[in-house]
Number of protein chains: 2
Amino acid sequence: MEDVAQAAGVSTATVSRFLNSPNRVAKETADRVQRAIRELGYRPNVFAQGLMTRKSHVIGILLPDIHGEFYSELLRGAAAEARRLGYHLLISSESGDGPATMLSSNVIGFMAGLAVMVTEPNEELWQQIKASGLPLVVIDEAIHANGLDRVLVDNASGTREAVNHLLASVRPEDMYFVGGPKGNFDTTERAAVFVQTIAHAGWTPSDEQVRYGEYTVEWGRKAAGALLQRVASRPIGVLAANDEIAFGILQAAQEAHVDVPARLRLVGFDDTRLASLMRPQLSTVRMPTADLGAHAVRVLIDRLAQPQRAGTLTTLPTRLVVRGTSGDPGTESGS
Amino acid sequence: MEDVAQAAGVSTATVSRFLNSPNRVAKETADRVQRAIRELGYRPNVFAQGLMTRKSHVIGILLPDIHGEFYSELLRGAAAEARRLGYHLLISSESGDGPATMLSSNVIGFMAGLAVMVTEPNEELWQQIKASGLPLVVIDEAIHANGLDRVLVDNASGTREAVNHLLASVRPEDMYFVGGPKGNFDTTERAAVFVQTIAHAGWTPSDEQVRYGEYTVEWGRKAAGALLQRVASRPIGVLAANDEIAFGILQAAQEAHVDVPARLRLVGFDDTRLASLMRPQLSTVRMPTADLGAHAVRVLIDRLAQPQRAGTLTTLPTRLVVRGTSGDPGTESGS
DNA sequence: CGCAGAAATGCAAGGGCTTGCATGCCGAGA
DNA sequence: TCTCGGCATGCAAGCCCTTGCATTTCTGCG
């Protein structure tokens, strides 16, 4: 920097000002500095900058996992938005590390803030996160504290839409929900709305009608075993808590020669690529996955500038995408 | 830090030494410092540290995209390995940014090194990368320079294996290769070995037998259109340049009621999750995707410690995984 | 032509840490 | 008892910037 200053015939202060508030330096001087910088290939030292300003353009993102359609899409949305706003992402996932290697390491010192998503409620991890003292935004989970910014997905709207859609051709007593892990935030919300919507249609779902497992194809196949036995003269309706599960159910049904959608009407959740890859294509509730990541980042960055606004709650809409597995709307013959 | 020093009754120099070379401080003193640190919740300031040492435990990873099975798996492998070695990953993708926002931004100042993968040969980007002056490792691409560390996948072994496997039940003149983008490194390598292996079997493939397109399901479907017309009394063999393409081909075949594997024998590439999801399950060449990421990170970190060793070339093996689409080995009836 | 106020720039003090060198202490060998 | 090497520790410089304050230069107006 000193060299640049010298080359431009100014002091380092002016160079610094040129970099940080160009309007505070005379145009003519600015040009000289500009040129000197270019010619010398000068790059300010981020460490020194950070040391002075206590700021950085790096934000951390902590996810349960990096892998899989959902997280990678989330990450993509987050990365794109961060980049757009001049920030960069430092990633960390729960799995593979002990819960939070990132948090206990010094890198958190680089971060201006942290976007967090953890699937399982994990008090210890959560304590660590809070202890970091970093500005936080929480993605799609139950945690709830004063002044905490959160970004959620409106599970209710999509679930309700899906259930009602199914109810158009399936009796309430023939409806099933195949969930992910019991206790998981999304599964819990979706199950609740499922039950509530069925109840609204005049039927109280039995425990049989709401099942919990995992977010996997395997669980879908397994759950399908029980379900397929219920298929009789009347078609059954199944809402899966994600597309993976739905895919497992579809495969199992096809292997058992149970026609989908004629005898089993299926709706998934998330609208991952898998949904349009399978045949028939999966009706599913679209999650604004990339938006979720993007929003989280946006809120976080906004919070860095405006700490006093903390406590925001953003809810992103979901909506049903009707495709082949829930019955061609034109062919539906009522219940 | 000063507070810690005071609390422990030592100088800041001792605290620093305790942190960086614990063996240079008396055990008894160490304990006091340790306690003081814990009680005060002291965390060294990374900026100040970086300013002094010119080091950081952050490495950048630049990928063509974050999305999709392949990249997210690569990223996962890289992140896990980085974490294991006490490093953290700063991500950036070509798509969504202008080519290299990351490179032109100051964050590169945080990074100790950079792992790079770019699909399309892109001279301008590559210049920028080199200009960063960062230690580099190149993942799976053609770029080739003196003293550059590279991590590659041994396309040849897997391709050869796959082609020979298909040749066991398909005549060389009935073999087809459906590639990704012409010019893409992997596609080029695989196509070359495909041609070579067929040639070795005594037949020179026509241009018809080697086609280029994209790494997408859609391209697979489209390519299948032409292919399916070739299916006659004898089965044809198809090697797709990735599983996506293979999936498209399989779907198109099924829709056209061309039995797979009886009349079309199909092998994909990458062994993504998609491969075992489809029915019949896809025979495919397994890529050590996560390993690729992990290795890149390992080499890079090794290089930080041992710059003089630069110029390494690591080749990770691929191998054929035989599943349903290439004919049940037990059922194969020769050509 | 002189002066006040604004604009442009320079000066220098840190920001929190690491590390070469100096100091003080100890035990061991003479 | 004296000297000397080695260990543990302290001192203070310096890493490269930013920024409040001081200084200089310029502008416009009386």
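See above for the structure.
To keep things clear, this report deals only with the structure shown in the data block.

Thresholds applied
Residues numbered from 1 in each chain as written. Chains lettered and ligands numbered in written order. Predicted model: local features only at pLDDT ≥ 70, side-chain atom pairs only at ≥ 80, totals over all residues. Heavy atoms only, no water. Helix = DSSP H or I, 4+ residues; strand = E, 2+ residues; numbered from the N terminus. Rg over C-alpha atoms; globule rule 2.2 N^0.38 Å. Buried < 20%, exposed > 50% of the residue type's maximum accessible area, 1.4 Å probe, protein only. Contact = heavy atoms within 4.5 Å. Areas by Shrake-Rupley, 256 points an atom, 1.4 Å probe, with all protein chains shown as cover. Lys, Arg positive; Asp, Glu negative; His and termini not counted. Charge placed at Lys NZ, Arg CZ, Asp CG, Glu CD. Pairing = 2+ DSSP bridges. Axes fitted to C-alpha atoms, helices over the stretch in contact; angles between N-to-C directions. Salt bridge = Lys/Arg side-chain N within 4 Å of Asp/Glu carboxyl O. Least-squares fit on C-alpha atoms with pLDDT ≥ 70 in both. 1 Å grid on protein atoms, 1.4 Å probe; cavity = no way out; pocket = protein on both sides within 12 Å on 5 of 7 lines; lining within 4 Å. Points joined across faces, edges and corners; volume = space filled by probe spheres on them. Nonpolar A, V, L, I, M, F, W, Y, C, P; charged D, E, K, R; others polar. Near = heavy atom within 4 Å. Polar contact = N/O pair within 3.5 Å; in protein donor to acceptor, adjacent residues only side chain to side chain. Parallel < 35°, antiparallel > 145°, perpendicular 65-115°, else oblique. Left-handed = near helix turned anticlockwise from the far one by under 90°.

A few words on the overall build of chain A. Tallying secondary structure elements over chain A gives 13 helices and twelve strands in all. For chain A, whose C-alpha radius of gyration is 26 Å, the value lies well above the compact-globule estimate of 20 Å for 335 residues. Counting the 335 residues in chain A, one finds 54% classified as buried. Within chain A, contacts between residues separated by at least 24 positions form 71% of all contacts whose residues are at least 6 apart in sequence. Carbon together with sulfur atoms contributes 49% to the accessible area of chain A, which is approximately 14,400 Å² in total. The centroid of the 33 positive side-chain charges in chain A is displaced by 6 Å from the centroid of its 37 negative side-chain charges.

With that settled, the discussion passes to the sheet that holds strand β8 (residues 236-240) of chain A. All names here are of chain A. Read from one edge of the open sheet, six strands run β7-β6-β8-β9-β10-β12, paired in mixed fashion. Two strands bound the open sheet, and with one partner strand each, they are β7 (210-211) and β12 (319-321). Against the sheet, helix α8 (residues 155-167) engages β6 (175-178), β8, β9 (264-270), β10 (283-286) and β12, with an angle of about 170° to β9. Seen against the sheet, helix α9 (residues 185-200) touches β6, β7, β8 and β9 and runs at an angle of roughly 170° to β6.

With that settled, consider the pattern of salt bridges. The tally for this structure, following the rule as stated, stands at 30 salt bridges over all chains. Across the pair B:Arg171 and B:Glu173 runs a salt bridge whose closest N-O atoms are separated by 3.7 Å. Of the residues examined, B:Glu173 reaches a relative accessible area of 24% and is grouped as partly exposed. Notably, a salt bridge pairs B:Asp302 with B:Arg303, separated by 3.1 Å at the nearest N-O pair. Look at the salt bridges and you will find they share partners, linking A:Glu81, A:Arg84 and A:Arg298 into a network.

Of the transformation superimposing chain B on chain A, the axial component is 0.0 Å and the angular component is 180°, with the fit at an RMSD of 0.1 Å. In symmetry terms, the pair is related by a two-fold rotation axis.

Considering only enclosed or pocket space, the largest pocket measures out at about 1,100 Å³ in volume. Elements represented by at least two residues in the lining of the largest pocket include exactly α2 (12-20), α4 (46-53) and α13 (289-305) of chain A together with α4 (46-53) of chain B. The biggest single contributor to the lining of the largest pocket is α4(A), with six residues. By residue class, the composition of the lining of the largest pocket is 21 nonpolar, 17 polar and three charged.

The full set close to DNA strand C counts 27 residues, and A:Thr14, A:Thr29, A:Met52, B:Ser16 and B:Tyr42 are the nearest of them. Within 4 Å of the protein, atoms of DNA strand C come from sugar and phosphate in 58% of cases. Contact between DNA strand C and A:Arg17: a base nitrogen at 2.6 Å from a side-chain N or O atom of the residue. Here B:Gln49 contributes a side-chain N or O atom positioned 3.4 Å from a phosphate oxygen of DNA strand C. Of all the secondary structure elements, the ones that give two or more residues to the surface near DNA strand C are α2 and α4 of chain A together with α2 (12-20) and α4 of chain B.

Here we take up the packing of helix α10 (residues 217-230) of chain B against helix α11 (residues 243-255) of chain B. Packed helix pairs are specified by the crossing angle of their axes together with the interaxial distance, meaning the distance between the axes. Residue and element names in this part refer to chain B. Where α10 contacts α11, the two axes come as close as 7 Å, and the packing angle between them is 50°. As far as their axial angle goes, α11 and α10 are oblique. In the crossing of α10 with α11, the sense of the turn from one axis to the other is right-handed. Residues Val217, Trp219, Gly220, Arg221, Ala224, Leu227 and Leu228 of α10 form the contact with α11, whose own contacting residues are Glu244, Ile245, Phe247, Gly248, Ile249, Gln251, Ala252, Ala253 and Glu255. Looking at the contact of α10 with α11 residue by residue, the classes come out as ten nonpolar, three polar and three charged.

Bringing the protein's contact with DNA strand D into the picture now. Around DNA strand D, a shell composed of 25 residues is seen, among which A:Ser16, B:Thr14, B:Arg17, B:Thr29 and B:Met52 lie nearest. For DNA strand D, the fraction of protein-proximal atoms (within 4 Å) that sit in sugar or phosphate groups is 62%. For DNA strand D, a base oxygen lies 3.5 Å from a polar atom in the side chain of A:Arg17. Between DNA strand D and B:Thr14, the relevant distance is 2.5 Å, taken from a phosphate oxygen to a side-chain nitrogen or oxygen of the residue. Those elements that provide at least two residues to the surface near DNA strand D are α2 and α4 of chain A together with α2 and α4 of chain B. Tallied by class, the residues present in the surface near DNA strand D amount to twelve nonpolar, nine polar and four charged.

We now examine the sheet that holds strand β10 (residues 283-286) of chain B. Residues and elements named next belong to chain B. On the basis of which strands lie adjacent, the open sheet formed by six strands has the order β7-β6-β8-β9-β10-β12 and mixed pairing. Two strands lie at the open edges of the sheet, namely β7 (210-211) and β12 (319-321), each paired on one side alone. The pairing of strand β8 (residues 236-240) with strand β9 (residues 264-270) spans four bridges and is classified as parallel. Across the sheet, Leu239 pairs through a bridge with Val267, a residue of β9. In this fold helix α8 (residues 155-167) packs onto β6 (175-178), β8, β9, β10 and β12, with an angle of close to 170° to the strand it touches most, β9.

Turning to the packing of helix α5 (residues 68-84) of chain B against helix α13 (residues 289-305) of chain B, a few remarks are in order. Residue and element names in this part refer to chain B. Contact geometry for α5 and α13: axes closest at 7 Å, N-to-C directions at 40°. The orientation of α5 relative to α13 falls into the category oblique. α13 is crossed by α5, and the crossing has right-handed handedness. Contacts between α5 and α13 involve Phe70, Glu73, Leu74, Gly77, Ala78, Glu81, Ala82 and Arg84 from the first element and Thr289, Ala290, Leu292, Gly293, Ala294, Val297 and Arg298 from the second. Its residues assigned to classes, the contact of α5 with α13 shows eight nonpolar, three polar and four charged.

Function-wise, these values are silent; they only describe arrangement.
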